[in-house]
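Listed below, chain by chain, are the residues.
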Amino acid sequence: MTNSAPQTIYLADYTPPAYLIDTVHLTFHLSPHATRVESRIAFRPNPASKSRDFFLHGEELKLIAARIDGAEITPELTETGLSCTVPNAPFIFEAEVEISPATNTALEGLYMSGGMYCTQCEAEGFRKITYYLDRPDVMAVFTVKIESDLPVLLSNGNPVGAGEWHDPWPKPAYLFALVAGDLIAHPDTFTTMSGKDIALNIYVRKGDENKCAFGMKALKASMQWDEDVYGREYDLDIFNIVAVDDFNMGAMENKGLNIFNSSCVLASRETASDANFERIEAIIAHEYFHNWTGNRITCRDWFQLCLKEGLTVFRDAQFTGDMRGHAVKRIEDALAMRGHQYPEDRGPLAHPVRPASFVEINNFYTATVYEKGAEVIGMLKRIVGDAAYADACTLYFDRHDGEAATIEDWIAVFEDTTGRDLSQFARWYAQAGTPHLHVTEDHAGDTYRLTLRQDLPATPDGSPKEPQVIPVCMGLLARDGREVLATQTLELTEIEQVFTFDGIAEKPVLSVLRDYSAPVIVHHDQSTADRAILLAHDTDPFNRWDAGRMLARDVLLDMTLNGGGPDATFHDGLAAVLRDDTLDPAFRALALSIPSEADTAQAIVDGGGIPEPRDIYLAHEVLKLQIAQHLQDITPRIYAQMAVCDPYDPNAVDVGKRALGNRVLGYISRLDGGHQAALQYANADNMTQQQAALACLLNIGAGQKELAAFATQWGDDRLVMDKWFGLQVACAAPDEAANVAKTLTAHAKFDWKNPNRFRAVIGALANNEAGFHAPDGSGYGFFADCLITLDPMNPQTTARMATSFETWKRYSPARQDQMRAAMERIKATPNLSRDTTEIITRILG
């Protein structure tokens, strides 16, 4: 064996594989520490490649034997794979390897979770199972045999015998899956639009059988929606989902055998909150939709990851909007972009939606690739129109079915459908950073002029920035709140453009970027009075919400930086929204929230200042108390009105009522010492109400009795206990957060090897802004300790958690020194993983 240093991979260096694979036969002899994998692979030279070098990826494999066309060979082995001389004609490669699933704590390849064998092969996990051309543009038909005394033996495709599976659809290795365990099936069926009956199963461990019904309902709704909206029908005889406790991601779309993090599929009213139900519904839809956008058409290389993920995130957002309401979903999408993707874009980890290079592909499963990738699809749909979008998607499916496609292929079907040159639009895939949209207005006579200017700040790659196509939806309101110009979609294609509107008799109030029509940062010097009009009257729900958000931002900035007092315009605006019973309760719940502490910190930076997390925290606490006091004559009535007396159901209407009721409960608790929250906790018959009440109590420094009762009640439920762990850190006072997290990591039920439990505690610490940024550096120090502990076990989760340091340069020099020291300590750890090394190195710069 020889060492191979990490290398940077470049999109520009792509070459077709030297060999293609027609069929793969795998036999697994399962054993916890000595699983034998026999492979029989039919190779043939690729006529599109000039190379005849034969190299198969393989890591952490013990080679027992290898043969070509039946003859034993002795290949050259390295830590990354196998090479040998092969015929210049089709041939059969056979190998037998040994692997140890029980000691695979990285949760990539074949590993064990609670006595169950399971796999995770995206992006490059299959090379830890056997030697293979582990790249997405090599697609083959798989046949799998599993030998084990476990009762349930699953793989991709259709069952053809006991423990034997055949997948007739060619797929890349990253979509391979295997599960073996003592599992119980929750069965159902679905009849496709062509009349084919599909067997459906959700497999779980004993004791989880009562948590499958909603997941199955969501799966069937997803299958129906994909037929109705995209015309996509399922293509196998069976569709299986398996719930796994130890899983790095949310779920994996393996063909016909989706493997899910238990938290993303198991739910009952007693154990799952409304937010859990909505997340489960969306993730099940996402993974099912991948059957066409990811599986039947996959990505040529990992640089095209945004093609399958951005498109599928967009599709699952459409689905959620249809299921639960588009207005609220759009606000939630914007919150996710602003809270996670914008910081990525403005920091040291900035990269294009389609990166130009990577060291470790696992580090590019990011908000930019997923969420911004989805926003790019949404802009494209907005620009070409619904009908052209549908026609282009149909052409994409017809033209590229069974292929590994590229962004260029995707753009081409829209150009061919519309006859439009989309080369400028394609810059959204190539340019890193969030565009800034500068808005100025002029009104003279009955003519209104709107000037839009775009700029894209520099990013770490140093690449030049060119104007992008930005769809800007806007409308105009009169001073009395009437809409005088309905929504128009303007296309900004130059650095600066002027748009003129005639027949506007009085200076209007501009509502710009309606429906969050593009992922940009708007700079618009709009008065408090104008924002109050938008909050009260805008016909666009997103901008109505955003107007209140901007008012709250300004109040928080004034309070944090200047010690400012209450703002009557803002408080009265909130009261008006809360009183308006014509508004969706879910919308009102969002309108009553205030920007996060991280949002306020960035707003201070945008104004040229240096944020002080403790001051921000105190300003937020004061504002919450002020809101509670201003609304105290309304909140008891709203709380009572939002009570849901019917049996629990996670439908959109009831979810909205509970969301608003629990939002006002948070304000009530700041005045009544938690009396109402304690009553709600005692009487709760579902997790939404129980968890919300507990959070309200913890946020005011109360609730220790309820916290202990929660642990007693739910101590044996691993997913509910994640909530118990996470709430304590999330709700901890800043000067206590690091110690609370440290104490919890010593708890008997804390498991370093379980990603859900680790994220519940350490992720919550990173999100407790003032606690993470404690002046003494204790938050950074303990966080670094945890990453150093986890990295040898699970590099992927460690690297993703390390991104919490990405905003370090916006803080004071003293804090920067503390964070730099913590990161340097991580970087200096012997044998630090490639995943974590890359992230820390990029953040440090």
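Residues numbered from 1 in each chain as written. Predicted model: local features only at pLDDT ≥ 70, side-chain atom pairs only at ≥ 80, totals over all residues. Heavy atoms only, no water.

Observations concerning the packing of aromatic side chains
Selection rule: Aromatic contacts are taken between Phe, Tyr and Trp rings whose centres are within 6.5 Å, Trp giving its six-membered ring; a plane angle under 30 degrees counts as stacked, one over 60 as edge-to-face, and the others as tilted. Accessibility here uses a 1.4 Å probe with only protein chains present; expressed as a share of the type maximum, an area under 20% marks a residue as buried, one over 50% as exposed, and anything in between as partly exposed. Note on criteria: charge over ring means Lys NZ or Arg CZ within 6 Å of the ring centre, with the direction from the centre no more than 35 degrees off the ring normal.
Overall, the coordinates contain 45 aromatic pairs when judged by the stated rule. Considering the side-chain rings of Tyr-288 and Phe-289, the 6.3 Å spacing of their centres and the 70° angle between planes classify their relative orientation as edge-to-face. By the burial criterion, Tyr-288 is buried, and Phe-289 matches it. Between the aromatic rings of Trp-752 and Phe-758, the centroid separation amounts to 5.9 Å while the plane-to-plane angle is 50°, which identifies the pairing as tilted. Note on Trp-752: relative accessible area 24%, which makes it partly exposed. Lying across the ring of Tyr-19, Arg-52 places its NZ or CZ 5.9 Å from the centre. One residue, Lys-381, lies across the ring of Tyr-389, its end atom 5.8 Å from the ring centre.

Brief notes about the sheet that holds strand E21 (residues 257-261)
Keep this limit in mind: Pairs of strands are assigned from DSSP output, requiring at least two bridges between the strands. Starting at the N terminus, helices and strands are each numbered in turn, a helix being any DSSP run of H or I of at least four residues and a strand any DSSP run of E of at least two.
Reading across the sheet, the 5 strands line up as E17-E18-E19-E21-E20 and stay open at both edges, with mixed pairing between neighbours. Only two strands of the sheet have a single neighbouring strand rather than two, namely strand E17 (184-191) and strand E20 (251-252). Inspection of the sheet shows strand E19 (residues 238-244) paired to E21 by 5 bridges, in the parallel sense. Residue pairing across strands places Ala-243 opposite Phe-260, the latter belonging to E21.

Re the side chain of Asp-226
We apply this condition: We call two residues in contact when some of their heavy atoms are within 4.5 Å.
Along the polypeptide, Asp-226 turns up in helix H1 (residues 213-230). Once residues within four sequence positions are removed from consideration, Asp-226 is found in contact with Gly-231, Arg-232, Tyr-288, Phe-289 and Arg-315.

Describing the pattern of salt bridges
What counts here: The salt bridge definition used is simple: a Lys or Arg side-chain nitrogen within 4 Å of an Asp or Glu carboxyl oxygen.
This structure, assessed with the given rule, holds 61 salt bridges. Residues Lys-196 and Asp-237 are paired through a salt bridge, measuring 3.1 Å at the closest nitrogen-oxygen approach. With Lys-196 in the loop between E17 and strand E18 (197-204) and Asp-237 in the loop between H1 and E19, the pair connects residues that are 41 residues apart, well separated along the chain. Using a relative accessible area of 39% as the deciding quantity, one classes Asp-237 as partly exposed.

Remarks on the environment of Arg-346
As for its placement among the helices and strands, Arg-346 is situated in helix H4 (residues 326-346). By relative accessible area, Arg-346 is classed as partly exposed at 40%. Between the alpha carbons of Arg-346 and Pro-457 there is a distance of 8.3 Å; along the sequence they are 111 residues apart. Apart from residues no more than four positions distant in its own chain, Arg-346 is found in contact with Ile-521 and Gln-602.

Digging into the nonpolar core
Going by this rule: We define a nonpolar core as any set of buried Ala, Val, Leu, Ile, Met, Phe, Trp, Tyr and Cys residues linked to one another through side-chain atoms lying within 4.5 Å.
Judged by nonpolar contacts, the single largest core of 170 residues is most densely connected at Tyr-389, Trp-410 and Phe-425. Excluding residues that lie within four positions of it along the chain, Tyr-389 makes contacts with Tyr-230, Leu-311, Phe-314, Gln-318, Ile-377, Lys-381, Val-384, Trp-410 and Phe-414. The next biggest cluster of nonpolar side chains, apart from the first, holds 58 residues, and it includes Ala-695, Ala-802, Met-823 and Leu-832.

Remember, this is a structural readout, not a statement about activity or role.
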